[in-house]
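Understanding the architecture of this molecule
Below are the chains, spelled out letter by letter.
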Amino acid sequence: MFSKKIVYVLMVVFAFLAISAFIVNMPEKKDPQVIEKIKPWFPYELTKTLGGLDLLDKRTGEKLKLDNAKVFLAYDNYLKKWGKSHLKLENGRLLILDDNGTQVDTMELSPKQAAFVRKFFFEQSPQH
């Protein structure tokens, strides 16, 4: 009914689409020490659900019920938005602020970490 060529072409097309979707939905690379330092103050966390992963608002206990393919992208977007108003970079130090703008923690940054903070939190990235 179907020739072998059509089956092979369909397999290649589906593989290409799957790989493309995987690459597009990959989260950005982050500095693990910086993320671990700010994680206690960030109001969202990744949580396992029956269907995979979701974001949990730690302030309200509410799950955001996001599409599994978009959870990591949403996490990055929430992290960037929160970081713009709750993080400051001063002389190689990261200042972590609460909702009132009061400093709650600091971290000495290496030049590589400072570059990550500047790029990830404060430089505009093109929207998808």
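Refer to the structure presented above.
The text that follows walks through the structure, step by step, so that each part is easy to find. Bear in mind that the values here come from a model prediction, so they are computed numbers and not experimental data.

1. Things to note about the sheet that holds strand β5 (residues 103-108)
Strand pairing in a sheet relies on backbone hydrogen bonds. The paired strands run either parallel or antiparallel. Strand order in the open sheet formed by 3 strands is β3-β4-β5, and the pairing between neighbours is antiparallel. Two strands bound the open sheet, and with one partner strand each, they are β3 (87-90) and β5. Neighbouring strand axes in the sheet, compared pairwise and without regard to direction, differ in orientation by 20° on average. Relative to β5, strand β4 (residues 93-97) is paired through 5 bridges, and the arrangement is antiparallel. Among the inter-strand pairings, Leu-94 is bridged to a residue of β5, identified as Met-107. The sheet contacts of helix α3 (residues 71-86) involve β3 and β4, and relative to β3 the element is tilted by about 60°.

2. A closer look at the pattern of salt bridges
Under the criterion given, the structure shown has 5 salt bridges. Residue Asp-76 pairs with Lys-30 through a salt bridge whose shortest N-O separation is 2.9 Å. With Asp-76 in helix α3 and Lys-30 in the loop between α1 (4-24) and α2 (32-38), the pair connects residues that are 46 residues apart, well separated along the chain. Among the ionic pairs, Asp-57 bridges to Arg-59, the shortest N-O distance being 3.0 Å.

3. Let's talk about unusual backbone geometry
Although it is not a glycine, Lys-65 sits at a positive phi angle of roughly 55°. Relative to the assigned elements, Lys-65 resides in the loop between β2 (52-57) and α3. Among the residues examined, Lys-65 registers a relative accessible area of 73% and is labelled exposed. In this structure, Asn-91 takes a positive phi of about 50° despite not being glycine. Assignment of secondary structure puts Asn-91 in the loop between β3 and β4. Overall, Asn-91 belongs to the exposed group, its relative accessible area being 81%.

Rules used throughout
Residues numbered from 1 in each chain as written. Predicted model: local features only at pLDDT ≥ 70, side-chain atom pairs only at ≥ 80, totals over all residues. Heavy atoms only, no water. Pairing = 2+ DSSP bridges. Helix = DSSP H or I, 4+ residues; strand = E, 2+ residues; numbered from the N terminus. Axes fitted to C-alpha atoms, helices over the stretch in contact; angles between N-to-C directions. Contact = heavy atoms within 4.5 Å. Salt bridge = Lys/Arg side-chain N within 4 Å of Asp/Glu carboxyl O. Buried < 20%, exposed > 50% of the residue type's maximum accessible area, 1.4 Å probe, protein only.

These figures capture arrangement, not role.
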